[in-house]
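Architecture and fold: a report
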Amino acid sequence: MSEELATGPKESPPAQRAGPREVWKKGGRLLSVLLAVNVLLLACTLISGGAFNKVAVYDTDVFALLTTMMLLSALWILFYLLRTVRCPDAVPYRDAHAGPIWLRGGLVLFGICSLVMDIFKTGYYSSFFECQSAIKILHPLTQAVFVIIQTYFLWVSAKDCIHVHLDLTRCGLMFTLTTNLAIWMAAVVDESVHQAYSHSNASHSRLAPDPDRAGSQVGGDCPCNTAICQIFQQGYFYLYPFNIEYSLFASTMLYVMWKNVGRLLASSTHSHSHTPSRVSLFRETFFAGPVLGLMLLVVGLAVFIIYEVQVSGEGGHTQQALVIYYSFNIVCLGLMTLVSLGGSVIYRFDRRAMDHHKNPTRTLDVALLMGAALGQYAISYYSIVAVVVGMPKDVLGGLNLAHALLMIAQHTFQNVFIIESLHRGPPEAEPHDGPPKEPCLTFANLDALHTLPTCPPTPRLDGPSLAGPQETIAIILAPRGHWRRRCLKDISLFLLLCNIILWIMPAFGARPHFSNKVEVDFYGYSLWAAIVNICLPFGIFYRMHAVSSLLEVYVLS
């Protein structure tokens, strides 16, 4: 067994009870994974089939499946909470690395936005209740209850290493994880169909979006003619990105809980903690990174607004909007690439030891960073081929090519920086081979204290008494923040703010992939739409997951 065995008489009974079950750990995990795969494939079949008009699968079928899955998951969560409350020995260990406060805080924030989206969705479908199926109103109400229950569950239980009902717990966690992935997939498909309907015309659209799902007001049996109905309709589409991120955040936390089922931990931890000090969090920076990052965030918001107004307007300013959009992204990606490369260079001078202890949270973070980046890699390489082979002789073609190349470089160097940062030990782990340069210990006579010209401010005096002038005391100088730590914190904050603006743009509807006709003319609309709709959700998730990882890097630097 790769787990660390607990030490001490107090923790030995749980280890002995869990010992025989460890033989079947892989069997229990296999059973839960098979359950999740089958349920997820069923959900994928219905959700993908419901996106096409020519397939006899309706959105009511998808809503019925998702509602059933959410009800079952909510019932299991309630059972888990009641079981752990009634059985004090059910959770003998808690993983200090799982569910850090910023991840749970992000989950709560996205959960609140998801609740608002469910309110808008309920209001939208209630606007024409007489011609709608009841399941369309029941679905957002059920999702709101599910979000509340699951958010509370993950807030209080994300660190649990449960040791009772192991196989049932694994299956329950995997089923809840699958429910979140199904909700994520349904939201992505719904938003993709809506975007495809907005950017396509009938002459080259094979994806024939459902009028109700795409937000069409023409050709449906339930027209959305009132002003309040249109507000609800547009509102819940703009809130989809938060619901998508909520489902993915919950899935990652549930996966870590699944890995921790039956896990044995030692009484003392050997790796870094997620609890930063207040001084370290707010003061130990050069402020260059946060200021530059905030400037790019504000400029990016202005560029995004200009892009949306000009692309959706009637004045024909799409070309100008694309030039502004690509120019900002090229500058932002170029700076992020250089900064990430600089952070990796700084680590060459860092003497902190690498942390090789088992950490399921870190393993998942690395896997998600590498896997989610593949989506943007794919879009970039398709764009490079289209630009190079198609040879468009204009400024927009050159900007598109530079944007694709910088996107690949930025993802690569940022991943290297984040992954290396996550594997570094805490600042206290830095060895001191030579004489200390900053923190030092000095022994001085009280009478000679005032003659020390280089004594730093605010020394701390530790001694048995201040009465005798000949008594020796210890002067412990307060440590100063190392320049490497300050630089790493600035780099982390700068990359964090840049990833936020690069998440906002595509998450809230910026689609230069369709406004720019180079790829559409080269691959055809159907193929290019399939590539973008499959790969772009992973690229959007990458940005938000990078924000979470960079916040952890900032705290641990």
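**With respect to the confidence of the model for the protein chain**
Chain-level statistics for the protein chain give a pLDDT mean of 78 and a share of 76% at 70 or above. Helix H5 (residues 135-157) holds the highest mean pLDDT among the elements of the protein chain, 94, whereas strand S5 (residues 472-476) holds the lowest, 37. Overall, residues 458-481 carries pLDDT values under 50, and its contacts beyond four positions in sequence, including any with other chains, amount to 46 contacts.

**Digging into the packing of aromatic side chains**
Across all of its chains, the model carries 25 aromatic pairs by this definition. Where phenylalanine 522 meets tyrosine 523, the ring centres are 4.8 Å apart and the plane angle is 85 degrees; that geometry is what we call edge-to-face. Look at phenylalanine 522 and you get partly exposed, because its relative accessible area is 35%. An aromatic cluster is defined as three or more aromatic residues linked by ring pairs; in this entry it consists of Phe63, Tyr124, Tyr125, Tyr236, Phe237 and Tyr240. The aromatic ring of tryptophan 258 is capped on one face by arginine 29, whose charged end is 5.5 Å from the ring centroid. Between arginine 104 and the ring centre of tryptophan 155, over which it is positioned, the NZ or CZ distance is 4.8 Å.

**Points about a nonpolar patch on the surface**
Residues Phe287, Val291, Leu292 and Met295 make up a contiguous nonpolar surface patch of roughly 380 Å² in combined accessible area. Mapped onto the elements, phenylalanine 287 comes out in the loop between helix H10 (278-282) and helix H11 (288-312).

**Brief notes about the pattern of salt bridges**
As enumerated under the stated definition, the model contains five salt bridges in all. We note a salt bridge from lysine 136 to aspartate 59, for which the minimum N-O separation is 3.2 Å. One end of the pair, lysine 136, is in helix H5; the other, aspartate 59, is in helix H3 (residues 59-86), and 77 residues separate them in sequence. When sorted by exposure, lysine 136 lands in the same class as aspartate 59, which is buried. In this structure, the salt-bridge partner of aspartate 167 is arginine 170, at a minimum N-O distance of 3.6 Å. Linking aspartate 167 with arginine 170, this pair stays in helix H6 (residues 166-199), spanning three residues, or about one helical turn.

Criteria and cut-off values
Residues numbered from 1 in each chain as written. Predicted model: local features only at pLDDT ≥ 70, side-chain atom pairs only at ≥ 80, totals over all residues. Heavy atoms only, no water. pLDDT = per-residue confidence, 0-100. Helix = DSSP H or I, 4+ residues; strand = E, 2+ residues; numbered from the N terminus. Contact = heavy atoms within 4.5 Å. Phe/Tyr/Trp six-rings, centres within 6.5 Å; stacked < 30°, edge-to-face > 60°. Buried < 20%, exposed > 50% of the residue type's maximum accessible area, 1.4 Å probe, protein only. Lys NZ or Arg CZ within 6 Å of the ring centre and 35° of its normal. Patch = residues over 30% accessible without salt bridge, like charges linked within 9 Å, V, L, I, M, F, W, Y side chains within 5 Å. Areas by Shrake-Rupley, 256 points an atom, 1.4 Å probe, with all protein chains shown as cover. Salt bridge = Lys/Arg side-chain N within 4 Å of Asp/Glu carboxyl O.

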